[in-house]
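Chain by chain, the residues:
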Amino acid sequence: MTASETTATAAREEPDRPVVELDNVEIVYDRHFLAVQGISMAVDEGDIVALLGPNGAGKSTVLKMISGIGRTERGEVTRGSVVYDGEDVTNGGANEMVDRGVTHILEGRRVFEDLTVEENLRCGLYRGGRRVRFDEEDYRIAFEYFPQLEEILDLKAGYASGGQQQMLVVARALIHRPRLLLLDEPSLGLAPKLVRDIFETLVEINREENITMMIADQNAKRTLETADYGYVMENGQVELHDPADVLVDREEIKEFYLGTSGDSSRYTDIRHYKIRKRWT
Ligand SMILES: Nc1ncnc2c1ncn2[C@@H]1O[C@H](COP(=O)(O)OP(=O)(O)O)[C@@H](O)[C@H]1O
Ligand SMILES: [Mg+2]
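No experiment lies behind these values; they were computed from the predicted model shown.

**Side note on the nonpolar core**
Next, step 1: Formed by 44 residues in total, the largest nonpolar core has its most connected members in Phe146, Leu149 and Met213.
Next, step 2: A per-element tally of this core places helix α7 (residues 162–174) first, with 7 residues.
Next, step 3: Aside from chain neighbours lying at most four places away, what touches phenylalanine 146 is Met167, Val170, Ala171, Leu174, Thr201 and Ile205.
Next, step 4: Residues Val20, Val77, Leu182 and Tyr231 belong to the second largest nonpolar core, which totals 28 residues.

**Details of the site of ligand 1**
Next, step 1: Within the structure, ligand 1 sits among Tyr29, Phe33, Ala35, Pro54, Asn55, Gly56, Ala57, Gly58, Lys59, Ser60, Thr61 and Glu73.
Next, step 2: Taking tyrosine 29, its side chain carries an N or O atom lying 3.4 Å from a nitrogen atom of ligand 1.
Next, step 3: Between ligand 1 and alanine 57, the relevant distance is 3.1 Å, taken from an oxygen atom to a main-chain nitrogen or oxygen of the residue.
Next, step 4: Elements with a minimum of two residues in the shell around ligand 1: β2 (33–44) and α2 (59–67).
Next, step 5: Considering every element that reaches the shell around ligand 1, the biggest residue donor is α2, with 3 residues.

**Describing the sheet that holds strand β5 (residues 87–88)**
Next, step 1: Taking strand neighbours across the sheet as the criterion, the 4 strands line up as β2-β1-β4-β5 in an open arrangement whose pairing is antiparallel. Two strands bound the open sheet, and with one partner strand each, they are β2 and β5.
Next, step 2: With 2 bridges joining them, strand β4 (residues 75–84) and β5 adopt antiparallel strand pairing. Note on β5: the bridge partner recorded for valine 83 is aspartate 88.
Next, step 3: Along the sheet, α2 makes contact with β1 (18–29), β2 and β4, crossing β1 at roughly 115°.

**Things to note about the packing of α7 against helix α8 (residues 192–209)**
Between two packed helices, the angle of one axis relative to the other and the distance separating the axes together describe the packing.
Next, step 1: Two numbers describe how α7 lies on α8: the axes approach to 10 Å, and their chain directions differ by 15°. In terms of axis orientation, α7 runs roughly parallel to α8. For the crossing formed where α7 meets α8, the hand is right-handed. Only Leu194, Ile198, Leu202 and Ile205 of α8 make contact with α7, whose side of the interface consists of Gly163, Gln166, Met167, Val170 and Leu174.

**Observations regarding the sheet that holds strand β3 (residues 48–52)**
Next, step 1: Across the sheet, 6 strands lie side by side as β6-β9-β10-β3-β11-β12; this open sheet has mixed pairing. In this open sheet, the two edge strands, each paired with only one partner strand, are β6 (102–105) and β12 (237–243). Going from strand to strand, the sheet's axes swing by 15° on average, the running direction of each strand aside.
Next, step 2: With 4 bridges joining them, β6 and strand β9 (residues 180–184) adopt parallel strand pairing. Looking at β9, one finds that valine 102 is bridged to leucine 180.
Next, step 3: Contacting β3, β9 and β10 (212–216), α8 crosses the sheet at an angle of about 155° to β10.

**Looking at the side chain of serine 81**
Next, step 1: If you trace the backbone, serine 81 turns up in strand β4.
Next, step 2: Judged by its relative accessible area of 17%, serine 81 falls in the buried class.
Next, step 3: Not counting chain neighbours up to four residues away, the residues in contact with serine 81 comprise Glu21, Leu22, Asp23, Val25, Asp88 and Thr90.

**Digging into the pairing of β2**
Next, step 1: Here β1 pairs with β2 via 8 bridges, running antiparallel. Note on β2: the bridge partner recorded for proline 18 is aspartate 44.
Next, step 2: Taken together, β1 and the strand that follows it, β2, pair antiparallel across an intervening segment of 3 residues, in which aspartate 30 is found at a positive phi of about 50°.

**Structural notes on α8**
Next, step 1: Here α8 spans 25 Å end to end across 18 residues, near enough to the 26 Å set by a 1.5 Å rise per residue.
Next, step 2: Along α8, the residues that are buried comprise Val195, Ile198, Phe199, Thr201, Leu202, Ile205 and Asn206. Projected onto a plane normal to the axis of α8, the buried residues spread over an arc of 160° and lie on a single side. Along α8, exposed side chains directed more than 90 degrees from the buried face belong to Pro192 and Glu208.
Next, step 3: Residues of α8 that are buried in the fold lie against β3, α5 (136–145), α7, β9, β10 and α9 (220–226).

Thresholds, definitions, all that
- Residues numbered from 1 in each chain as written.
- Chains lettered and ligands numbered in written order.
- Predicted model: local features only at pLDDT ≥ 70, side-chain atom pairs only at ≥ 80, totals over all residues.
- Heavy atoms only, no water.
- Core = buried A, V, L, I, M, F, W, Y, C linked by side-chain atoms within 4.5 Å.
- Buried < 20%, exposed > 50% of the residue type's maximum accessible area, 1.4 Å probe, protein only.
- Helix = DSSP H or I, 4+ residues; strand = E, 2+ residues; numbered from the N terminus.
- Contact = heavy atoms within 4.5 Å.
- Near = heavy atom within 4 Å.
- Polar contact = N/O pair within 3.5 Å; in protein donor to acceptor, adjacent residues only side chain to side chain.
- Pairing = 2+ DSSP bridges.
- Axes fitted to C-alpha atoms, helices over the stretch in contact; angles between N-to-C directions.
- Parallel < 35°, antiparallel > 145°, perpendicular 65-115°, else oblique.
- Left-handed = near helix turned anticlockwise from the far one by under 90°.
- Expected span 1.5 Å × (residues − 1).
- Arc of directions from axis to C-beta.

This is the structure in structure tokens:
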């Protein structure tokens, strides 16, 4: 065995270090509404982790409690722990988590509609808790992955298409140079080709910028193709979890896929029913 082979083997055998670990976490809104009960998850450095499951399963709640945004909605981790980078951050605030390198892209492509694309990119530019100047490197990272944005810098973001708005929110998140990027329903309402483009770009960003990602999405097929590992949630609990390539072959997931083809809103109830039937 040559020296380089030895090094490669050693690197491969080094245990992955989780960026985030949830241990038996319970999440309650408004002091009494139990949204998530006893879930455990581990997200390894450099991985893309999929959070799947029907509407109301608790996917967004998990992301919000990791980024600290859930606290602004009167959400609280009432049991268990959230550990980030080896430190307990249970019920940590949103500012603290941003400073630690967590960026959360909320559902619904929240752009400032009356501001231009460029203003959207520039505004709220914080790094390490301080507002910083927008520099060439920021442009590089935004436009390397989303060259289209460069062509619409002066367009009011409200007039941008859904796909362009999704690019904009991801580009804006990248400017924060996150270590962990949380994405909530990035594919919602986008045409299939755009969804494919967005997910392919996310994989490129993950590989090239070494940004760990958690993606909650109703598009189970596309998300699992993109992810390294997946968790399927139902009723505030984790029902299944496995490497994405294993999950893809599981019978429950195939049914899940069936439910996601075509008009997803119409099939949601059927899908929900099937999963419940199998799992209870
Ligand atoms: N801000 C909130 N206040 C109270 N209940 C909430 C809030 N957000 C979500 N919930 C409830 O928590 C449960 C999980 O919701 P959510 O995390 O949004 O699920 P998902 O993202 O999987 O659709 C649902 O029953 C939902 O109604
Ligand atoms: Mg959600």
